Amino acid sequence: MDNILRITAGCLMFLSTTLVLPDRAQAVEYPYSIGQGFEYSSGKYGTNTRTDTIYAPFTIMASPTERLGLLLEIPFVYQSNGNVVSSVARGGMQGSRTTMLPAVGMNGMNGSGNGMSSSSASTNQSESGLGDITLKVGYILVPEKVLIPQIRPMAFVKFPTADENKSLGTGEFDEGFAVEISKWIGNWNPFAEAGYTVQGKSAQLALKNYMTYNAGVGYQAAESFRPILLIKGATSPADGASGLLEVRLKLKYQATKHTGIDGYAAKGITTNSPDYGTGLAVYYDF
C-alpha cells in the first residue's frame, strides 16, 4: 500500500507541475465523456485494524440535450481485509466515493469499537473485484442567470454487482435523489448539494436510509485551472456507524480541449470516514 500511496502522490505532484505551464486550453462542452479514476483511502473505521481501499471507477457520461445528463459508473474495488464492508456514498453527477460500513455477522458483534466484522469474509484476507454499478440521471431544472443559480436535480440507482461475500458491497439495490445548486460570481464558483439515499434491506447488515451533503467553493485561477475546497458528508448509513465527514482539496486542470484531469487530497474527520485519501482521474470529452 505504501507503493500505491507514493505512486498516487507522484501523480498529484505531476498534475501540480503541469498547472504552471503556459498552455491554457479552455474547456469546451461536448455531448459525451469517458473517464478513468483511481482513488486510495485508508482508515481504521472504529476497529483495531487499518483497512486500505482502492476504488477505480470507469465512467461514461452522455448529454443528449443541454440540460439532460446521464452517467454510468463501473468501479473496480480492492480492500486489504474484510473487517468492514465497502459501500458507496453517491452524490451529484460528478462521481461517488467509497465508505466503510460496520457489518453485523451471523454471530453478532465480533470486532472492536463501533466496527464489526462480517461473518461472510475472512478478516485477514484482501479482496478485489467489480464494485456496485451506479446509473445517474441529472436535469438542469433552472439554468444559471445573472441573479439566479443553476439548480439541477439528480436521481440514481445502485445495482448490487459487487460480491457481498467478499465484503465489496452490501448486496442490495439502493435508490435516491439529490439537488445541486451552483453559481458563478466572477471567478468564484460556490456550490452546495443535498441528497437522500434509500438502502435495501439486508439480513446481515444493519443498513438504514441516510442523507448526503457537500458544499464548497472553486476559484478559476487560470483559464484551464480551478482549485476547489469542499466538505463532503452523510448521516449514519448503518446502525453502529458514525456519520461521514471529510474535507477535500480538489484540483481541476483542462489539459486540452478534449482532456481534463482531476486530483484531490482528503482528510476524514469522523470515525467511519477514512483517515486520509487521495485520487486522480482523467476524462476525455468528445
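For the structure itself, consult the block above.
Residues numbered from 1 in each chain as written. Predicted model: local features only at pLDDT ≥ 70, side-chain atom pairs only at ≥ 80, totals over all residues. Heavy atoms only, no water.

Peer 1: Explain a nonpolar patch on the surface to me, please; I cannot follow it from the model alone.
Peer 2: Side chains of Tyr32, Ile34, Phe58, Ile60, Tyr284 and Phe286 sit close together on the surface and give an oily, nonpolar patch of about 530 Å² of accessible area. Those elements that provide at least two residues to the nonpolar patch are β1 (32-43) and β2 (51-62). Mapped onto the elements of the fold, Tyr284 is located in strand β15 (residues 276-285). A relative accessible area of 39% means that Tyr284 is categorised as partly exposed. (Patch = residues over 30% accessible without salt bridge, like charges linked within 9 Å, V, L, I, M, F, W, Y side chains within 5 Å. Areas by Shrake-Rupley, 256 points an atom, 1.4 Å probe, with all protein chains shown as cover. Salt bridge = Lys/Arg side-chain N within 4 Å of Asp/Glu carboxyl O. Helix = DSSP H or I, 4+ residues; strand = E, 2+ residues; numbered from the N terminus. Buried < 20%, exposed > 50% of the residue type's maximum accessible area, 1.4 Å probe, protein only.)

Peer 1: Before we go on, may I ask you to explain unusual backbone geometry in this structure?
Peer 2: Backbone phi values are negative for most residues with the exception of glycine, while trans is the configuration of most peptide bonds. Although it is not a glycine, Tyr45 adopts a positive phi angle of roughly 55°. In this structure, Tyr45 sits in the loop between β1 and β2.

Peer 1: So what exactly am I meant to see when it comes to the pattern of salt bridges here?
Peer 2: Working definition: two side chains of opposite charge can pair if their charged atoms are close together. Under the criterion given, the structure shown has nine salt bridges. Across the salt bridge formed by Arg248 and Glu246, the nearest N and O atoms sit 2.6 Å from each other. Judged on exposure class, the residue Arg248 and its partner Glu246 are both buried. Across the salt bridge formed by Lys252 and Asp262, the nearest N and O atoms sit 3.1 Å from each other. Of this pair, Lys252 sits in strand β13 (residues 244-254) while Asp262 sits in strand β14 (residues 259-268); the two residues are ten residues apart in sequence, bridging distant segments of the chain. You can call Lys252 partly exposed: its relative accessible area is 22%.

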